[in-house]
Amino acid sequence: MTLAGFDLSLARLLLGLFTGLIYGLLAVGLVLVFRASRFINFAQGAIGVFGAAILGVLVTQFGVPYWVAFAAALLAGAGISALTEIGIIRRLASAPKVLGMVATLGLSQFLLVFALVINKEAASGINFPKPPGLPTYTVGRIDITPPYVAMIVLTPFLLLGLGFFLKRTRYGLAIRAAADNPDAASLAGVAAARMVTLSWAVAGAIAAFSACLVWPTQGTVSVESLGPSLLLAGLAGAVIGRLQSLPIAFSASLGIGIVEQVVRSKYPTGGQAELVLGAIVILALLFQKRLLRREQVTGDWARLSPEPIPTAYRKLFLVRAFPWVVGLGIYAYAAYLAFGISNFTASVLTSVVGAAIIGLSVGVVTGLAGQLSLGQYAFAGIGAVVSVVVAEQFGFLDVALVSAALAGAIVAALLGIPGLRLRGLAFAVSTLAFSIVTSTWLLKQEFMLGDGRAPGKPIIGSWELSTAKGYYLFSLAVLGIAVFLAANVRRSGLGRLARALRDNEDAARAFSVPASRRKLQVFAVAGALAGIGGAVLGHAQSSLTTNVFPAEASIDVVALSVVGGLGVLLGPILGALYIVGLPGLLQLDTLGRAAVALGWLVLIVLAPGGFGGFVVQARNRFYDLLAKMSGVDPAQARAADREGLVDRAMRGVDLAPLQASSTARPTVPVPPHASAAGAVGVLPAGSDVVLSLRGLSRAFGGVRAVRGVDLDVRRGEILGIIGPNGAGKTTLFEIVAGFTSPDEGKVYFDGVDVTRLAPEKRAQRGLVRSFQSSALFPTLTVLETVMVACEQGSATNALASLAGWWRPDRRKERRARQLLEVMGLTAIAQRPVAQLSTGTRRMVELTCMLALDPTVLLLDEPAGGLAQSEGQALVELIQAVRRDLGTTVVIVEHDLPLLFRVSDRLVAMELGAVIAAGSPEEVRNHPDVVRSYLGGDITAVERSGPLVTSSA
């Protein structure tokens with residue numbers, strides 16, 4: 001039976017069902033791991049292949065009975081999976097998740113190659129052991145061999161056993177408890193860490209089960225056939241199951257297998273099946289609101305950033321000149337090599353250069369923006385095609401390179417639009433899907449590469465760079481341009497904003513940074529660099545085909561960037577020399593490439609900073625020598641920086657100088673709907689209301705966090721909000737600041753309805769908030785952090801950043817230094833925020849908020865983390881903000897004595913609703929407040945002194 005050319009016969013559907021079973025088991029393992037670790041194991045399929053290789057070796061080389069070897073294969077899969085969690089994932093838990101994901105990608109490559117090497121005698125499906133004692137059936141033109149029969153018979157038992165284990169056994173229930181709430185499970189006596197390891201072990205056994213039965217059904221088994229495409233098929237079902245539901249993931253995979261085989265019946269080649277799979281993955285991610293959205297590529301990015309050199313070193317000429325001297329020297333030596341190497345070596349080095357340029361794009365999108373992209377080689381391939389076409393038409397390779405950069409930028413930005421909703425792990429999965437679709441379908445279209453194109457070579461004057469050595473020199477020149485552009489981005493405002501959004505997106509948005517626009521700009525810059533690298537690789541070929549840009553290469557280029565050092569500009573070059581140059585120059589065989597993969601896997605685990613980290617350490621030791629030669633004591637220089645970290649007192653701050661340099665905002669008349677009539681805490685007639693909340697409500701599931709809140713805030717007052725934990729105070733702040741949308745109600749600011757405005761738009765209008773944690777941006781210095789908040793007055797231009805135009809940054813720097821001087825923080829301007837104490841971070845956060853020229857400040861527990869002795873200093877600072885700048889302040893705080901001293905008026909909340917409002921004295925003695933908040937004993941909360949009102 002056929003329909004529109006698609007085969008819908010029973011035989012084809014059965015073949016699809018078998019394929020779906022394979023994908024379903026892979027999806028089940030992915031879901032188990034994700035539920036346990038909030039992590040996608042990119043080595044899931046390779047772990048199964050390793051287990052299957054153990055079966056092949058035991059049966060073919062040692063004569064072990066099949067079913068005994070089958071059990072050993074399951075144990076091998078479980079063991080290697082458990083060791084992966086213990087030895088890799090757990091060791092990298094505090095590092096950015098990108099390291100763990102790249103580590104599993106490296107493990108995948110190593111295991112695939114190693115499995116094929118140790119199982120040479122049964123590497124092909126024909127020679128691989130098959131389950132004995134099972135019959136063979138024929139349906140149509142399809143033979144249902146013993147492996148298929150075993151899959152049909154054993155898979156239901158496996159799934160039923162897994163369900164029984166998870167729902168009925170002690171360990172299964174512990175696994176589920178640890179996955180749902182590790183902290184609560186630990187309090188209940190569950191060893192959460194062990195349960196995570198057990199989940200990985202079960203997933204590994206399932207992967208081995210699947211691979212043992214799949215291997216004998218394959219004619220030829222290769223690393224490519226078991227690589228990203230197979231992983232994407234398993235991810236498709238897992239994503240539809242929201243990476244939570246095992247039944248849905250497995251059922252969806254069955255359907256995907258059938259759809260794939262039906263598509264292949266009409267399009268056996270050409271990549272249409274991969275196109276369908278990729279579309280399924282991306283659509284499933286886009287239409288599931290909460291799937292993976294909170295699973296950011298988080299972690300301590302400071303671990304990947306070079307240690308800052310002492311402030312005293314920055315004044316030394318030798319230290320400032322050293323990077324330029326060394327960099328130009330290495331670059332000159334690389335060019336000199338062209339005159340003494342063979343064309344073969346030159347070709348390998350050109351491949352290194354092309355990969356390094358694409359690696360620089362990874363350094364931008366992942367190292368700066370924190371988004372793991374597995375699609376950079378796809379952008380490179382598209383850039384290469386555009387460059388070749390333009391060169392054919394116009395004959396100018398410089399125009400072709402610019403066109404490649406534009407093409408890469410446009411495609412990356414277009415992919416980044418849905419990527420704005422698919423952050424973290426979801427972005428990695430979606431870009432992997434795009435990479436596979438590009439290599440298997442898009443590039444094969446006739447308007448792209450088709451069966452191949454003959455790229456032209458660059459011509460400089462009368463010199464045609466047709467030899468490999470001549471083209472290598474040209475590629476070096478392009479690398480120099482790419483390094484210049486990447487360095488500009490890292491040093492510029494765009495790079496600073498990218499790091500701020502990576503470290504703490506909410507804080508950046510609260511400081512008026514337009515997150516979506518800046519992310520798209522970063523994606524575009526990274527895509528442009530990838531396009532340039534693709535053009536370099538494309539024109540190096542005698543015949544350009546899709547084989548130059550396989551999906552696996554997108555994984556390799558991320559690996560080389562991480563191995564070289566994501567926190568170092570030239571890290572991708574170091575990584576490319578190791579991952580691309582070493583195997584190419586030494587012409588390593590399969591086992592040698594496996595050893596290279598194992599080497600960079602070990603490096604990531606033991607030294608997350610990569611080769612670049614070792615280079616930075618050596619550089620710092622040399623800087624110490626230069627400092628001693630210049631009469632600077634290294635120990636004293638570092639001690640001076642540490643002394644600058646001591647918290648300063650917050651007393652005696654004069655903010656008047658800021659008033660003269662601030663940008664005044666026009667006063668907007670208060671509309672009738674924002675009048676004081678009927679509001680909580682009735683205001684005098686004709687009062688100037690700057691912030692008005694009407695009927696705000698918000699529920700999370702069955703919990704109503706905010707219930708019908710009406711509140712007016714008059715211009716220039718200090719309003720305190722109190723209430724016990726769970727009263728809805730922070731949720732109310734989230735709604736007012738724009739980070740949470742209300743189910744009902746309106747927010748009016750300066751007479752304008754801002755209910756639907758984004759947080760950054762509200763900050764630009766002068767409605768600015770702080771956060772309880774005050775984490776800010778750990779990898780930025782104090783000066784850079786304040787410069788982020790100065791974006792509103794002098795916004796960064798992406799093209800200017802790329803070109804190295806620094807004038808806008810200098811204006812922001814002058815403004816930031818003025819703010820730091822007024823706040824008394826100049827001494828720590830060059831210190832990373834991660835090294836500051838909580839109290840100092842609070843001061844830096846307040847400085848950033850003042851940089852926005854706020855009309856209303858929303859302070860969320862500003863005394864959190866401060867010593868009791870600093871309470872009065874904070875009161876004086878808040879009063880100075882109101883006195884010198886005329887700023888209205890709304891404070892949520894648990895320290896009641898502090899809040900009573902600073903507030904003009906108080907509002908008390910309970911269970912999401914306002915229960916009292918008025919003067920501090922009135923609220924203090926309100927019976928509902930005493931009952932709800934104080935528990936009947938007012939002395940219970942006097943931790944920073946007796947309750948004294950601001951009027952006392």
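Please refer to the structure higher up on the page.
Structural notes, computed from the coordinates. Treat the numbers as computed from the prediction; the structure is a model and nothing was measured.

Judged by pairing direction, the sheet is mixed, and its six strands sit side by side in the order β12-β13-β14-β9-β15-β16 without closing on themselves. Two strands bound the open sheet, and with one partner strand each, they are β12 (767-769) and β16 (913-918). Neighbour-to-neighbour, the strand axes of this sheet turn through a mean angle of 20°, independent of strand direction. As paired strands, strand β9 (residues 718-722) and strand β15 (residues 905-910) are joined by four bridges and run parallel to one another. Pairing of Ile722 across the sheet is with Ala908, part of β15.

Right, let's talk about the environment of Ile88 for a bit. Tracing the backbone shows Ile88 in helix α3 (residues 66-89). C-alpha of Ile88 to C-alpha of Leu601: the two residues are 513 residues apart in sequence and 9.0 Å apart in space.

Quick look at a positive patch on the surface now. Together, Arg807, Arg810, Arg811 and Arg814 make up a positively charged patch on the protein surface. With respect to the helices and strands, the residue Arg814 is situated in helix α31 (residues 807-823).

This brings us to the pattern of salt bridges. Evaluation of the coordinates by the stated rule reveals 29 salt bridges. Of the charged contacts, one joins Arg715 and Asp688 as a salt bridge, the two residues approaching to 2.5 Å between their closest N and O atoms. With Arg715 in the loop between β8 (703-714) and β9 and Asp688 in the loop between α26 (656-661) and β7 (689-700), the pair connects residues that are 27 residues apart, well separated along the chain. Residue classification places Arg715 among the partly exposed residues on the basis of a relative accessible area of 26%. Among the residues examined, Asp688 registers a relative accessible area of 32% and is labelled partly exposed. Shared partners join several salt bridges into a network, and the residues in it are Arg496, Arg518, Glu791, Asp809 and Lys812.

Phi is positive for Arg242, close to 60°, though the residue is something other than glycine. Mapped onto the elements of the fold, Arg242 is located in the loop between α9 (228-240) and α10 (246-266). Arg242 gets classed as partly exposed once you look at its relative accessible area, which sits at 36%. Of note in this structure, Ser512 is not a glycine but carries a positive phi near 80°. With relative accessibility at 4%, the residue Ser512 sits in the buried group.

Conventions we followed
Residues numbered from 1 in each chain as written. Predicted model: local features only at pLDDT ≥ 70, side-chain atom pairs only at ≥ 80, totals over all residues. Heavy atoms only, no water. Pairing = 2+ DSSP bridges. Helix = DSSP H or I, 4+ residues; strand = E, 2+ residues; numbered from the N terminus. Axes fitted to C-alpha atoms, helices over the stretch in contact; angles between N-to-C directions. Patch = residues over 30% accessible without salt bridge, like charges linked within 9 Å, V, L, I, M, F, W, Y side chains within 5 Å. Areas by Shrake-Rupley, 256 points an atom, 1.4 Å probe, with all protein chains shown as cover. Salt bridge = Lys/Arg side-chain N within 4 Å of Asp/Glu carboxyl O. Lys, Arg positive; Asp, Glu negative; His and termini not counted. Charge placed at Lys NZ, Arg CZ, Asp CG, Glu CD. Buried < 20%, exposed > 50% of the residue type's maximum accessible area, 1.4 Å probe, protein only.

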